Amino acid sequence: MFHYTKLDMFCNDVVKFADADGYVPEAEDICQDFSYPEEKFKNLRNWTQHIQNSVHATRTAQQKLHAWRNRL
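Because the structure is predicted, anything quoted here is derived from the model rather than measured. (Residues numbered from 1 in each chain as written. Predicted model: local features only at pLDDT ≥ 70, side-chain atom pairs only at ≥ 80, totals over all residues. Heavy atoms only, no water.)

Thoughts on the packing of aromatic side chains
Working definition: an aromatic ring pair is given by the centre-to-centre distance plus the angle between the planes.
Okay, so step 1: What the rule picks out here adds up to six aromatic pairs.
Okay, so step 2: Seen in terms of ring centroids, Phe 34 and Tyr 36 are 5.7 Å apart; in terms of plane orientation they differ by 35°. Their pairing is tilted.
Okay, so step 3: The exposure class assigned to Phe 34 is buried, which follows from its relative accessible area of 8%.
Okay, so step 4: On the basis of relative accessibility, which here comes to 11%, the residue Tyr 36 falls in the buried class.
Okay, so step 5: Pairwise contacts between aromatic rings join Phe 34, Tyr 36, Phe 41 and Trp 47 into one cluster.
Okay, so step 6: Sitting above the plane of the Phe 2 ring, Lys 6 keeps its charged end 5.6 Å from the centroid. (Phe/Tyr/Trp six-rings, centres within 6.5 Å; stacked < 30°, edge-to-face > 60°. Buried < 20%, exposed > 50% of the residue type's maximum accessible area, 1.4 Å probe, protein only. Lys NZ or Arg CZ within 6 Å of the ring centre and 35° of its normal.)

See the structure below:
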C-alpha cells in the first residue's frame, strides 16, 4: 500500500484505485486494510481485478515519473 501522492503529477491514472484515505493497493494487499465502501468488494473476484488494474496503472505511472525525473 502507498499513498497516491507518491507518484507526484503522474498519479491521475492511479487515484481512481485509491481508498477514501488516498491509499492505493499493491499486489499482496488485502481489502480489509483499506477504507473502501464495504459493499464495493463483496467477493474476491472484484478485489482481484481491482488489484490487477491498480498494479498495472501504478507501473505505468512509475515509468512516467522515472522518465520525467531522468529527462535531462
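Okay, back to it.
Regarding the nonpolar core
Across soluble globular proteins, nonpolar side chains have a tendency to be buried as a group.
Okay, so step 1: In terms of nonpolar packing, the biggest core is built from 10 residues, these being Phe 2, Leu 7, Cys 11, Val 14, Phe 17, Ala 18, Val 24, Ala 57, Ala 61 and Leu 65.
Okay, so step 2: With three residues, helix α1 (residues 44-69) is the largest single contributor of residues to this core.
Okay, so step 3: In contact with Ala 61, not counting residues within four places along its chain, are Leu 7, Phe 10 and Val 14.
Okay, so step 4: One finds Phe 34, Tyr 36, Phe 41 and Trp 47 within the second-largest nonpolar core, a separate group that totals seven residues. (Core = buried A, V, L, I, M, F, W, Y, C linked by side-chain atoms within 4.5 Å. Helix = DSSP H or I, 4+ residues; strand = E, 2+ residues; numbered from the N terminus. Contact = heavy atoms within 4.5 Å.)

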